[in-house]
Amino acid sequence: MEYQVPQFIEIEDKIFGPFTLKQFIYIAGGAGVCAIAFFYLPLLFAVLVALPVAGLTGALAFYRVNNKPFEDILEAGFVYFTGGRLYLWKKIPKTDKEIEAMTPKAAPKTDKNARAKLGLTRGKLHDLAWSLDIRSNEQLDQ
């Protein structure tokens, strides 16, 4: 038995001519607000009210950002600006005592006589390092 699978389910149906139901409601509401502004306000104030309303109406009805409707972008912006913030790291200024505790102390100076007592010279240290490098490389090869 064969079943038909609906396709193109993301596309809204055009109900009012070239407009979907949502687009028609946005345009009708914006046109109504603009008409009320022109009937009840002086011309200058009506234009100042009607221009932003018409721009918002046009954006809500037709504008898409990254293939998402403009109403989703407005909602995300509203939630972002009104929601709380979670700071995972916030720098707190340190006191002078904490700064002093964090600074490294001067290393004690080595005495040249102490090295001489142990019989360590630059040549012996170099030979020791060389033999360690060779032995470690031989162990890696095996």
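What you see is a predicted model, and the numbers here were worked out from it, not measured in a lab.

Criteria and thresholds
- Residues numbered from 1 in each chain as written.
- Predicted model: local features only at pLDDT ≥ 70, side-chain atom pairs only at ≥ 80, totals over all residues.
- Heavy atoms only, no water.
- Phe/Tyr/Trp six-rings, centres within 6.5 Å; stacked < 30°, edge-to-face > 60°.
- Buried < 20%, exposed > 50% of the residue type's maximum accessible area, 1.4 Å probe, protein only.
- Salt bridge = Lys/Arg side-chain N within 4 Å of Asp/Glu carboxyl O.
- Helix = DSSP H or I, 4+ residues; strand = E, 2+ residues; numbered from the N terminus.
- Patch = residues over 30% accessible without salt bridge, like charges linked within 9 Å, V, L, I, M, F, W, Y side chains within 5 Å.
- Areas by Shrake-Rupley, 256 points an atom, 1.4 Å probe, with all protein chains shown as cover.

## What to know about the packing of aromatic side chains
Consideration 1: For the structure on display, the rule yields three aromatic pairs.
Consideration 2: Ring geometry for Y63 against F70: centres 5.8 Å apart, planes inclined by 65°, an arrangement best described as edge-to-face.
Consideration 3: Residue F70 is classed as buried on the basis of its relative accessible area, which comes to 18%.
Consideration 4: Note on Y80 and F81: the rings are 5.2 Å apart at their centroids and 75° apart in plane angle, and the pair reads as edge-to-face. Accessibility assignment for this pair places Y80 and F81 in one class, exposed.

## What about the pattern of salt bridges?
Consideration 1: As enumerated under the stated definition, the model contains one salt bridge in all.
Consideration 2: E71 is paired through a salt bridge with K22; the nearest N and O atoms lie 3.2 Å apart. A residue pair is termed long-range when its members are at least 10 positions apart, and E71 in helix α3 (residues 70-82) and K22 in helix α1 (residues 21-40) qualify at 49 residues.

## Quick word on a nonpolar patch on the surface
Consideration 1: A contiguous nonpolar patch, built from I36, F39, Y40, L41, L44, F45, L48 and V49 and spanning about 930 Å² of accessible area, is present on the exposed surface.
Consideration 2: Sorting the residues of the nonpolar patch by element identifies α1 and α2 (43-62) as the ones contributing at least two each.

Geometric values such as these leave the question of function open.
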